[in-house]
Structures are given as structure tokens and as C-alpha cells.
Amino acid sequence: MYECEQCHGDSDHSKYHIPIVDESKGKKVMLHLECCPKENLIKLLHEKVESEKMFFDEALNLSENLSAENIEKFEKKFGTYDEIKQGIKIDKLVEILAIVDQLKTLS
Ligand SMILES: [Zn+2]
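Nothing here was measured: the structure is a model prediction, and the numbers come from that model.

**Student:** I'd like to hear about the overall build of the chain, residue by residue, with values.
**Tutor:** Each helix and strand in the chain was counted, giving four helices and two strands. Each helix (α) and strand (β) of the chain, taken in turn from the N terminus, gives the series β-β-α-α-α-α. Over its C-alpha atoms, taken along the principal directions, the chain stretches across nearly 45 × 25 × 25 Å. By the burial criterion, 14% of the 107 residues in the chain qualify as buried. Sequence separation of 24 or more characterises 49% of the internal contacts of the chain that already satisfy a separation of 6 or more.

So, in C-alpha cells, the structure goes:
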């Protein structure tokens, strides 16, 4: 549960089950995707995809250099399966698809 900083509605007021975290004004702001300006959504999409590229590069690297130490480093950096499952960390792919879905309604 979160409150949107723009409209002060709670998470039920969004089609999406996750908020977007916008840091463009220098502080972390939780918004409904619907309340985030289009240009910020595009910028966030770009940042998140760049960060996912890094994730996949490092996952590839992990598959080629598998060791307990590398697995630990990898999970420290990107989180663990359990953290995603419990909702402690947000599944970035879901986040990216949510942004694309919202941009579809704005274009
Ligand atoms: Zn809102």
C-alpha cells in the first residue's frame, strides 16, 4: 500500500499493482503510473531498461563463471528470488511492461 504524491489516492486508484518511483526532482516520489508525466515515464523506461541490460550481462557472466561467491555478489546487487516473491523488491520486467502499457494509453 502506498499513497500517490500527486493525487494522494492510495494504490487502489491505479490500474497497476505497483507504483512508479520518480526521482527526477531529487527525491524519491511514489506515483500512480497514471499520474506520472509522459516525459518522466519515457526517461524512467530508458533508465530501467539500461539497468536490466546490466542485469542480463551479469547473469550471463554468472552462468559462465558460476561459484558461490559470484552468486552471493549477484544476489546482493540485484536481490533474490525470495525478495521478489515476497514483494520486498519489484520485478523490473513487470515494471518495464507496466510503463510500456501506460505509454500506450498516452500516445
Ligand atoms: Zn495518483
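**Student:** I'd love a proper account of helix α4 (residues 92-106), names of residues and values included.
**Tutor:** The first and last C-alpha atoms of α4 sit 21 Å apart over 15 residues, in line with the 21 Å expected at 1.5 Å per residue. For α4, the complete set of buried residues consists of Glu95, Ala98, Ile99 and Gln102. One side of α4 carries all its buried residues, which in axial view fall inside an arc of 100°. In α4, the exposed positions that point more than 90 degrees away from the buried face belong to Leu93, Leu97, Val100, Asp101 and Lys104. Structurally, α4 contributes buried residues whose contacts are with α1 (38-64).

Rules used in this analysis
Residues numbered from 1 in each chain as written. Predicted model: local features only at pLDDT ≥ 70, side-chain atom pairs only at ≥ 80, totals over all residues. Helix = DSSP H or I, 4+ residues; strand = E, 2+ residues; numbered from the N terminus. Buried ≥ 20, exposed ≤ 12 C-beta atoms within 10 Å, placed from the backbone. Contact = placed C-beta atoms within 7 Å. Expected span 1.5 Å × (residues − 1). Arc of directions from axis to C-beta.

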